[in-house]
Structures are given as C-alpha cells and as structure tokens.
Amino acid sequence: MPNSNPIKAVILAGGLGSRIVEESHLRPKPMIEIGGMPILWHIMKLYAHHGVTDFVVCCGYKGYIIKEYFANYFLHMSDVTIDLAHNRLEVHQHQAEPWRVTLVDTGAETQTGGRLKRVAAYLRDQEAFCFTYGDGLSDVDIRALIAFHREHGRWATVTAVPAPGRYGAIERAGSTVTGFIEKPRGGDGLINGGFFVLSPRCIELIANDRTSWEIDTLPQLSTQGQLMAFEHQGFWQPMDTLRDKNHLESLWASGRAPWKCWTERHES
C-alpha cells in the first residue's frame, strides 16, 4: 500500500566549502547568495514548485547561520514595523513560504553518508524521500524523477547529468548503474548530479559518521543492482568555485535563470 505521507527532501548543508573560501569563511556554502537569496533557498524553491515542501536540512559548519536565517525568515522576506517602546513586531506583506523545515546539527566533520544517517529518525515514515546537495542548481523535473523512482522499484535513483570533464562518470547498462569511473578521458560521460530519490533502506548501508555517500554507499548500491539513473540533459550547475558562483549570478541577473521554474506571487 503506498505511503500517503508527503515526500520529504533531505539537503546536505554542512560542508566546509573549501574551494570557495572567498565566501565560505563567513557562512556555510549553501548560504552563499545568488540574486540576493541563499543558493539553499533556490534549491528549496525548485522542490516546492514540484510539490515537495517538507525539508530536512543537514547542518554542520556554521549551522547556526542556517538556523537563524529560517528562524527569522519573515524578517528577510517581509516589511516589518518594530515598536521598540512596547516590544512589538508587526509584519507587513507577509511572504512566508508554505514550507516545513527541520534543521538538524549533523556534526562539523561528518561525511556525506554519515549526515544522512544522522537524520534517519526524521525519515522513518517515508516510503521514499528526495536527497541532494546544498550547492547545485538544475531545472530537473522533480515530479518526473520521483515517478521514475517509484516505477522501477529499486532502492535508489540518481540524476545523471552530462559531465563538465572534471567529475567521475557513471557506468550504465540501460538505466541500471553498474559502477563509476573517476575523471574519464573525454567529456561524453554522465555524472552524479545529485537530486536522488531514495528508499530509507539505503540508510542501512551507511556505517557511521565516516561513511562517504559517494565513495562508499553509491558503489555498494550499484554492486547490489539497487541504483538506477534518471537521465537529465537540461541545465545543471554546481557552485564549487567563485567562478561558478559568478556564472550563476550572471544567469540570475539576466532574468533567464534556467532553474527558475517558479513564479513569485508578486510577479503573477
């Protein structure tokens, strides 16, 4: 019998962001802004557009900044009047999102798999859940991705995207993932683009905080024949470096950001 609970999205937001230290020494990488809003917000807007509005955010490095941002979300998104004499706050033109956001401290040094294991308690009622990185943007069709996962019935689905050249590629037999190749020659391979859909059974394969989702768990899933690839040939861009950040910023400034599939209420 299908699970009737709304599907959740788990977002990794605890890494150091050492390759974009120009920004990440001040705040967590997912809080680096594109168009004046954290990249984490852009990712959540994508999911929400496709009906996923219940989030579990895996915090770590400077996680208090993420917690404070959402605790004071209305201050960022609305006009307010603060009556200092009477200690009152009035919110005007309330712009709150219809989101439920669970912020979990998953440790400063925990690896990606370990972070997922640490939030397992929040996923017990899930037939399947979304899982992605807090530093990559795409125009992937989340609804189609979830439908593909439910149709094939395996434990895990990874979104496979064209390789920019500096990433390890996915080996496939049809849609089944059979292995991974580190930094292959040529640029024709498909790579792990994040935007997973997973069964909670995947978490059983994660040993502890030192487990890497990419190095340890994904190859194990592929060896067991439990990992399928959802091919996405559209826009996909990680924010690994300052150059990447500036590229995303320029796309947003152009008014034609490929990942912006939503319409704000004041735009309609």
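The structure this text deals with has already been given above.
Residues numbered from 1 in each chain as written. Predicted model: local features only at pLDDT ≥ 70, side-chain atom pairs only at ≥ 80, totals over all residues. Heavy atoms only, no water.

Asker: Just checking my understanding: could you explain the nonpolar core for this structure?
Answerer: What tends to happen in soluble globular proteins is that the nonpolar side chains get buried as a cluster. With 46 residues, the main nonpolar core has Tyr47, Ile142 and Trp259 as its most contacted residues. Contributing elements (two or more residues each) for this core: strand E1 (8-13), helix H2 (39-49), strand E4 (54-59), helix H3 (63-71), helix H6 (142-152) and helix H8 (242-253). It is H2 that contributes the most residues to this core, 7 residues altogether. Excluding residues that lie within four positions of it along the chain, tyrosine 47 makes contacts with Ala9, Val52, Phe55, Cys130, Phe131, Thr132, Ile142 and Phe195. Counting 29 residues, the second-largest nonpolar core is a separate cluster that includes Leu116, Val177, Leu221 and Leu227. (Core = buried A, V, L, I, M, F, W, Y, C linked by side-chain atoms within 4.5 Å. Buried < 20%, exposed > 50% of the residue type's maximum accessible area, 1.4 Å probe, protein only. Helix = DSSP H or I, 4+ residues; strand = E, 2+ residues; numbered from the N terminus. Contact = heavy atoms within 4.5 Å.)

Asker: When you look at helix H7 (residues 213-223) in this model, what are you seeing that I'm missing?
Answerer: An α-helix turns once per 3.6 residues; consequently, residues spaced three or four apart project the same way. For H7, the complete set of buried residues consists of Trp213, Thr217, Leu218, Leu221 and Ser222. Looking straight down H7, one finds that the buried residues subtend no more than 135° of arc, so they occupy a single side. In H7, the exposed residues that point more than 90 degrees away from the buried face are Ile215 and Thr223. In the segment just after H7, glycine 225 is the residue with positive phi, at about 70°. (Arc of directions from axis to C-beta.)

Asker: What's the story with a nonpolar patch on the surface in this structure? I'm lost.
Answerer: Taken together, Leu75, Ile82, Leu84 and Leu89 make up a surface patch of nonpolar side chains, about 420 Å² in accessible area. The topology assignment puts isoleucine 82 in strand E5 (residues 79-83). By relative accessible area, isoleucine 82 is classed as exposed at 53%. (Patch = residues over 30% accessible without salt bridge, like charges linked within 9 Å, V, L, I, M, F, W, Y side chains within 5 Å. Areas by Shrake-Rupley, 256 points an atom, 1.4 Å probe, with all protein chains shown as cover. Salt bridge = Lys/Arg side-chain N within 4 Å of Asp/Glu carboxyl O.)

Asker: Where do I start with the packing of aromatic side chains in this structure?
Answerer: Where two aromatic rings form a pair, the distance of their centres and the angle of their planes describe that pair. In the structure shown here, the tally under the stated rule is 16 aromatic pairs. An angle of 75° between the planes, with centres 6.4 Å apart, marks the rings of tyrosine 47 and phenylalanine 55 as edge-to-face. With respect to burial, tyrosine 47 and phenylalanine 55 carry one shared label: buried. Judged by centre distance (6.0 Å) and plane angle (35°), the ring pair of tyrosine 47 and phenylalanine 195 falls under tilted. With tyrosine 47 in helix H2 and phenylalanine 195 in the loop between strand E13 (190-192) and strand E14 (196-198), this residue pair connects regions lying 148 residues apart in the sequence. Taken individually, tyrosine 47 and phenylalanine 195 each receive the classification buried, so the pair is uniform in this respect. Members of the aromatic cluster, joined through ring pairs, are Tyr47, Phe55, Tyr69, Phe70, Tyr73, Trp99 and Phe195. (Phe/Tyr/Trp six-rings, centres within 6.5 Å; stacked < 30°, edge-to-face > 60°.)

Asker: Looking at this model, I keep getting lost on the pairing of E5. Mind explaining?
Answerer: When E5 meets strand E6 (residues 88-92), the two strands line up antiparallel, connected through 5 bridges. In the strand pairing of E6, valine 80 is matched with valine 91. Adjacent in sequence and paired antiparallel, E5 and E6 are bridged by 4 residues, among which asparagine 87 carries a positive phi angle near 55°. (Pairing = 2+ DSSP bridges.)

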